[in-house]
Amino acid sequence: SRDREVLARFDRINMADRLTQLQDAVNSLADQFCNAIGVLQQCAPPASFNNIQTAINKDQPANPTEEYAQLFAALIARTAKDVDVLIDSLPSEESTATLQAASLRQLEEENHDAAARLEEVVYRGDMLLEKIQSALADIAQSQLRTRNGAPSQPSPAES
C-alpha cells in the first residue's frame, strides 16, 4: 500500500514519464543530503581537541542536533524508498522485444477495430446526410412551387 501511495503521489505531479520522476526523486535525495549536512554542521557543537574544550561543552545548552538528525534521516529514508518504488515501476529487462511486439500487436488490433467502427459510423453519417440533403431539396422545391402559384404536390404526370 505504501508503494501505491508513493506512485499515486508521483502520478499527481504532472511529469512526462517515470524516468523524469526518478530523476526528480534522485535530485530531491541529493538536496536532502546537502541540507542535512549543512544543518548538522551549523548546529554541531565544537569538537574538542585533546580534551581542551570539554569544560566548555558541558556548560552549553542542549543542542537540537539529534532532532535534526532524526528528521533528515526520516526524509532521506522516505525519499530513498520512493526512488526504489520508481525503479521497480520501470519496465524490466524481461520486457523484451517479444513482449513489446505482442503488446504492439494487441494495440494494432484494437486500433483496427476502432478504425472499422469509425468507418461504419462515417458511412451511416454520409447516408443520413444524403437523406437530409434530399429532404431539404424537396422542401426547397415545394416552397418554390408555392411561391410561383403551382400546387405543392406534384401532379401524377410529373411523377
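The residue count restarts for each chain, going from 1 along the sequence in the order it is written. In keeping with the predicted nature of the model, local features appear solely for residues at pLDDT of at least 70, side-chain atom pairs appear and are counted solely at 80 or more, and the whole-chain, interface and lining totals rest on all residues. Derived side-chain values reflect all non-hydrogen atoms in the structure, with water molecules and hydrogen atoms excluded from consideration.

Under an unreviewed UniProt entry, the name given to the chain is Mediator of RNA polymerase II transcription subunit 21, and the source organism is Salarias fasciatus. UniProt positions are given in the numbering used here, feature names are shortened, and annotations may be inferred rather than shown by experiment. Reading the Subunit (unreviewed entry) entry of the UniProt record for the chain gives the comment "Component of the Mediator complex." We quote the UniProt Sequence similarities (unreviewed entry) comment for the chain here in full: "Belongs to the Mediator complex subunit 21 family."

To continue, consider the overall build of the chain. Assigned secondary structure in the chain consists of five helices and zero strands. Each helix and strand of the chain, placed in order from N terminus to C terminus, yields the pattern α-α-α-α-α. Out of the 159 residues belonging to the chain, those deemed buried represent 11%. As displayed, the chain has an accessible area near 12800 Å², and 56% of this comes from carbon and sulfur atoms. Every helix listed is a DSSP run of H or I at least four residues long, and every strand listed is a run of E at least two residues long, numbered separately from the N terminus. Summary of the burial criterion: residues with accessible area below 20% of their type's maximum are buried, those above 50% are exposed, and those between are partly exposed, where the area comes from a 1.4 Å probe applied to protein chains only. The protein chains shown are the only cover counted for residues, whose accessible areas, like all others here, come from Shrake-Rupley with a 1.4 Å probe.

On to the pattern of salt bridges. Salt bridge, as applied in this entry: a Lys or Arg side-chain nitrogen positioned within 4 Å of an Asp or Glu carboxyl oxygen. For the structure on display, the rule yields one salt bridge. As a salt-bridge pair, E120 and R124 come within 3.7 Å of each other at their nearest N and O atoms. Of the two residues, E120 and R124 are both situated in helix α5 (residues 97-147); the distance of four residues between them amounts to about one turn of the helix. The class of E120 is partly exposed, set by a relative accessible area of 40%.

For the rest of this paragraph, the subject is helix α2 (residues 18-43). Note: α-helices contain 3.6 residues per turn, so residues at a spacing of three or four share the same orientation. Between its terminal C-alpha atoms α2 stretches 37 Å, which fits the 38 Å expected from 26 residues at 1.5 Å a residue. Listed in full, the buried residues belonging to α2 are Q21, L22, A25, L29, Q32, A36 and C43. A helix is expected to reach a length of 1.5 Å times the quantity of its residues less one.

Two distance rules govern patches: like charges are joined within 9 Å, and nonpolar side chains (Val, Leu, Ile, Met, Phe, Trp, Tyr) within 5 Å, applied only to residues with over 30% relative accessible area and no salt bridge. Charge counting treats Lys and Arg as positive and Asp and Glu as negative, with His and both chain ends excluded. Each charge is placed at NZ for Lys, CZ for Arg, CG for Asp and CD for Glu. Taken together, the side chains of E108, E109, E110 and D113 make up a negatively charged region of the molecular surface. Residue position: E109 is located in helix α5. Note on E109: relative accessible area 54%, which makes it exposed.

Fitted lines through C-alpha atoms serve as axes, helices being fitted only where they are in contact, and the angles separating the N-to-C directions of these axes extend from 0 to 180 degrees. It is at 9 Å that the axes of α2 and helix α4 (residues 65-89) come closest, and there the two elements cross at 165 degrees. Judged by the inter-axis angle, α2 sits roughly antiparallel to α4. For the pair α2 and α4, the crossing hand works out as left-handed. Orientation labels follow simple angle bins: below 35 degrees gives roughly parallel, above 145 gives roughly antiparallel, 65 to 115 gives roughly perpendicular, and whatever is left gives oblique. Take the far helix as your reference; a near helix turned counterclockwise from it by less than a right angle gives a left-handed crossing, and one turned clockwise gives a right-handed crossing.

A contiguous nonpolar surface patch, about 390 Å² in accessible area, is contributed by L128, I132, L136 and I139. Residue position: I139 is located in helix α5. Since its relative accessible area comes to 46%, I139 is described here as partly exposed.

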